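Residues per chain, in single letters:
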Amino acid sequence: MLGVVHHDDVVEIVLANPPVNALSVQLRSALAKALSDALSFPHVRGVVIRGQGSFFCGGADINELEQHNDPWLPDLIDRIEAAGKPVIAAIQGDALGGGLELAMGCHYRLATPSAKLGLPEVKLGILPGAGGTQRLPRLAGAETALDMIVWGEPISALRALERGIVDRIVDQDRIVAEAVAYARSGQGIRRTRELPFVASDEAFDLFKSKNTRRLRGLHAPAACVEAVRAAAQLSFDEGLRREHELFIGLVKGEQSLALRHLFFAERSARKIEGLGKDIARRTIRKVGVIGGGTMGTGISINFLSRGIPLTIIEMDPDGVARARNFITASYNTAIAKGNLSEDQVEKALSLLEVTHDFSALSGCDLVIEAVYEDIELKKDVFRRLDRIADSSAILATNTSFLDVNKIAAVTSRPNDVLGLHFFSPANIMKLVEVVRGTETGPDVLATAIEVSRKIGKVPVVAGVCDGFIGNRMLTPRQANAEAMLVEGATPEQIDRVHIDFGMPMGPFQMLDLAGLDVGWHRNPARIDNIKDAICSRGRLGQKTKAGFYDYGDDRKPRPSEVVEQIVGEFRERAGIPLRRIADEEIVVRTLYTMVNEGAKILEEGIAQRASDINVVWVYGYGWPRHKGGPMYWAERIGLQTIVDGLTRYRDRLGSTFTLSPLLKKRAAEGRSLNNE
Ligand code: 3HC
Ligand code: NAI
C-alpha cells in the first residue's frame, strides 16, 4: 500500500496501490501516518511523495466517492500543506484528479517529461472535491483552471511547467534524487493556499456564455465554473466549503451515477468470457482494407494515424483516386484545425497505398473488408482473400448486419475470421463491435480487441445475429419510426423527441447521414417500404443533398415535400387514418422497444452483460453519456415502467413484436438486468 525510504534527512513516501495508486481509505490512512511519522523526526528536513509504477496517482478511489471516511482526502491534503517542513511531489507518471490535488497541496512539484496532469472529475459528473478548484487557479490562473477543470482533459508536464503547475521537469531516472535535493535546498515553504488569485466575475460569465452549447443540460461543468468563481470571490477556506457543497450536490446526482456506471462499464467490456489474459496475440504490422468508400477510408485513417502501413483495394478505377483524395482532404482538415502537424500528416500519407490489385494484400496481418452490404459479394471477396492472404492473417468484415459465420464458412480458415464493425464516421466514432463468429479463434479475438484499443477505439464483443448489438436494436426503433410517419408523425417530430432526450440526432437524420442506400437492394423498381421509395428517387441522404430531408449547402435538414408526398401515398394505399401522435408514444415505440430488443440480446447471449450494450450505444450512436446507455436508463426509470409502456402500446407495435421474457421476469421480480 505504501513504501517509506529514508535518505538520511529526507523521507521518501511511495504510494503503492496498483494499478493506478488510487487514494483508497487504506492508502490515505497509511499516507497520513507515514507523513506524521516523518515530520515528527527532528533530523528530517523534508518529505518527498511519489507513486510506484507508471502512475503518480489516478485520484480518489471512484468506488468510494460517496463515502466520508477518515482521513478524508481534503483534510489529508490540508495536513500536507500545513507541514512545517517542505513536502515535494515527485510526479513520475500521471497525476489525475485527487492525485493532482494531492500534488498541489505539496509545497513544490517536479515532474517527468512524459507525465500528464489533469482534473478529469467532470467526466465522472463531479468536480475536484479535494481543493483542486481552489488551488489550481492560484497556481495557474483562471483560464487554465477553467479549461482543465471544466473539460477534464489532462495536459503534458511541459505545459504544466509553462502554466506554473509544476516547478521543474526532471528525467525519470533522476526524479527521486532531484526531489530529495530540492527538499534539502533550503527553499522556504510555499503553500498554494496562500498564493493570490484575482479574476473578475465577467471572466466567468464570459466563459459560460461562450460555451453555452457544450455546457447545456450538464450539471458538473456548470458547478465547476461556480467553484472556480468561488476561488476568486471567497477566502480559501470558504472556497473549500463551497467546493464541498457543490461536490456533494453532484456526487449524489443522476448524472454522476450514470457517468460512473459508464466508467466501469467501459472497463468491464474488455473482460471477455473464456478469454484468459495469457492468450498469445498476433502481431499486426500491416493492414489491408477492401473497399475505399465511406467506411473503408474512415477505417484506414485510424491505422495510418497510428503509424501502421495500410493498403486499400478499390475495384472502381475512379474510386482509387477518390479514396486517396478523401483521406488527404480529411488530413488537411486536421492540419487546418491544428489537430495534426504537416509532418505528422506527411508521415501518415506515406504509409498509404491505394490500388485495384488484390494481390497487394499479401503481407497484411489484418485485412478488413468494407465493400457493399451484399452477402454474395462479401462471400466472393472472402473466397479471393482466402487464396491471397498470409496464413497468419486475420480476416475481418465490417458488415453492418450480415452473418459473419456464413462469410467465414466460404474460407478454409473460419477460425481467422471475425467481424470488426466500425461506426460512421469511422475515423471519429470510438466504438468497434468485435463480432465473434462460432469458429473465431481466441487469439484472433484477443488480437482484434488489442488492435482496436491501439487505434484508440472502444471495443465491445458481440455474438452473431442480424445487426449484432447496436444495429439490431435500431431495427425496432426504425420500424416504429417509419410506421409512425404513415400514422401521422413527421420526421421532424420524431427526430425532435430524440434530440430533446439528448441524442445528437434523431433516427431520420441518422439515416440521412449514414446514407439511405446502406443495405438497399439497389433496384429502383422494387418498393417495399418508404425508404425504398425515397432511394428510388435518387435521394440517398446527405451525400445527395436529399433523403428524408432536403439539405442545402449548410447541411441543415429541411422538411421535404417529396417525402411528405411519398408518406401520404403509403398512408392512402394502406388505408391508415391520419392521427396526431403524442411525444410519449414516440418514446415508447422507439426507445422502449430498443430496451426490449436489448433484453433479448442479453438473454440470447449476443452481449455478455447489460453494461456492454450501454457502451455500444454511448460510443457508437451518441446516446447521452449522462443517461448511461439504454439499459442503464431503463433500470433508472424502472423496468416495470418499460414493460407497462410496451403493454399499453402493444397493438401499435406490429404483429411481430414480442415482449422479452427476461425483461418481463426481471421487472416483475424488481431485479436488475445484470447477471447477478
Ligand atoms: N478509482 C478506482 N479504480 C480506478 C481508478 C480510480 N480513480 N482509476 C482506474 N481504476 C481502475 C480501473 O477501473 C481498472 O480496473 P480493472 O482493471 O478492474 O478494470 C484499473 O484501475 C486500470 O484502469 P484502466 O484500465 O483505465 O487503465 P489505463 O492505464 O487505461 O488508464 C487511467 C489509467 C488514465 C488512470 C484511467 O484509469 C482513468 O482515467 N482513471 C480515472 C481517473 C479519474 O477520473 N480520477 C479522478 C477520480 S475522482 C477524484 O479524484 C475525486 C477527488 O476530486 C475528490
Ligand atoms: P460505400 O458504398 O461507401 O463503399 C463501398 C466501396 O467498396 C465502394 O468504393 C466500392 O467501389 C467498393 N467495392 C465494391 N466491391 C468491391 C470489390 N469487390 N473490391 C474492392 N472494392 C469494392 O459503402 P460503405 O458505406 O463504406 O459501406 C461498406 C460496408 O460497411 C458495408 O458492409 C456497410 O454495411 C458497412 N457499414 C457502413 C456504415 C455506414 O454508415 N456507411 C457503418 C458501418 C458499417
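Described below are features of the structure shown in this document. In this text, all values refer to a predicted model and were calculated from it rather than measured experimentally.

So, how was this worked out
Residues numbered from 1 in each chain as written. Chains lettered and ligands numbered in written order. Predicted model: local features only at pLDDT ≥ 70, side-chain atom pairs only at ≥ 80, totals over all residues. Heavy atoms only, no water. Near = heavy atom within 4 Å. Polar contact = N/O pair within 3.5 Å; in protein donor to acceptor, adjacent residues only side chain to side chain. Areas by Shrake-Rupley, 256 points an atom, 1.4 Å probe, with all protein chains shown as cover. Helix = DSSP H or I, 4+ residues; strand = E, 2+ residues; numbered from the N terminus. Nonpolar A, V, L, I, M, F, W, Y, C, P; charged D, E, K, R; others polar. Core = buried A, V, L, I, M, F, W, Y, C linked by side-chain atoms within 4.5 Å. Buried < 20%, exposed > 50% of the residue type's maximum accessible area, 1.4 Å probe, protein only. Pairing = 2+ DSSP bridges. Axes fitted to C-alpha atoms, helices over the stretch in contact; angles between N-to-C directions. Parallel < 35°, antiparallel > 145°, perpendicular 65-115°, else oblique. Left-handed = near helix turned anticlockwise from the far one by under 90°. Contact = heavy atoms within 4.5 Å. Salt bridge = Lys/Arg side-chain N within 4 Å of Asp/Glu carboxyl O.

**Structural notes on the site of ligand 1**
Then, number 1: Around ligand 1, a shell composed of 25 residues is seen, among which G98, E101, E121, R267 and K271 lie nearest.
Then, number 2: Residue R270 places a side-chain N or O atom 2.8 Å away from an oxygen atom belonging to ligand 1.
Then, number 3: At a separation of 2.7 Å, an oxygen atom of ligand 1 approaches a polar side-chain atom of K271.
Then, number 4: Alone, ligand 1 offers 980 Å² of accessible surface; in the complex the protein occludes 75% of this.
Then, number 5: The set of elements that each furnish at least two residues to the shell around ligand 1 consists of α3 (98-105) and α12 (254-268).
Then, number 6: Per element, the largest residue contribution to the shell around ligand 1 is 3 residues, and it comes from α12.
Then, number 7: In terms of residue class, the shell around ligand 1 is built from 13 nonpolar, 5 polar and 7 charged.

**Some remarks on the nonpolar core**
Then, number 1: Of all hydrophobic cores here, the largest spans 70 residues; its most connected members are I49, F56, I91, L100, L117, L136 and I165.
Then, number 2: Ranked by size, the runner-up nonpolar core spans 51 residues in total, among them L262, V460, I606 and L653.

**Some words on the pairing of strand β1 (residues 2-7)**
Then, number 1: Alignment of β1 against strand β2 (residues 10-15), held across 6 bridges, turns out to be antiparallel. Of the residues in β2, the one forming a bridge with H6 is V11.
Then, number 2: Hairpin connection of β1 to β2: 2 residues between the antiparallel strands, including D8 at a positive phi of 55 degrees.

**Some words on the packing of helix α24 (residues 583-603) against helix α25 (residues 610-621)**
Then, number 1: The contact between α24 and α25 brings their axes to 10 Å, and the two run at 130 degrees. In terms of orientation, α24 lies oblique with respect to α25. Every pair of crossing elements has a handedness; the one defined by α24 and α25 is right-handed. Between α24 and α25, the contacting residues are M594, G598, I601 and L602 on the first element and A610, I613 and W617 on the second.
Then, number 2: Split by residue class, the contact of α24 with α25 holds 6 nonpolar, 1 polar and no charged.

**Considering the site of ligand 2**
Then, number 1: What surrounds ligand 2 is a group of 25 residues, the closest being M295, E314, E373, K378 and S400.
Then, number 2: Within the contact set of ligand 2, a nitrogen atom lies 3.3 Å away from a backbone nitrogen or oxygen of M315.
Then, number 3: The side chain of K378 places a nitrogen or oxygen atom 2.6 Å from an oxygen atom of ligand 2.
Then, number 4: When ligand 2 sits alone it has 830 Å² of accessible area, and the protein chains cover 90% of it.
Then, number 5: Those elements that place two or more of their residues in the shell around ligand 2 are α13 (294-305), α16 (375-388) and β16 (417-422).
Then, number 6: Of the residues assigned to the shell around ligand 2, the class counts are 12 nonpolar, 9 polar and 4 charged.

**Regarding the side chain of D416**
Then, number 1: In this fold, D416 is placed in the loop between α17 (404-409) and β16.
Then, number 2: By relative accessible area, D416 is classed as buried at 5%.
Then, number 3: Polar contacts involving the side chain of D416 include one to the side chain of R282, which spans 2.9 Å.
Then, number 4: Contact partners of D416, with chain neighbours within four places excluded, come to R282, S391, A393, I394, L395 and V444.

**A word on the pattern of salt bridges**
Then, number 1: All told, the structure shown has 49 salt bridges when counted by the stated rule.
Then, number 2: A salt bridge links R229 to D201; the nearest nitrogen and oxygen atoms lie 2.6 Å apart. Taken together, the residues R229 in helix α10 (residues 219-233) and D201 in helix α8 (residues 201-210) connect sequence positions 28 residues apart.
Then, number 3: D201 sits in the partly exposed class, given a relative accessible area of 32%.
Then, number 4: Measuring nitrogen to oxygen at the nearest pair gives 2.7 Å for the salt bridge that ties R558 to D554.
Then, number 5: With a relative accessible area of 37%, R558 lands in the partly exposed category.
Then, number 6: Among the ionic contacts, a cluster of salt bridges with common partners joins D78, E81, R135, R193 and D237.

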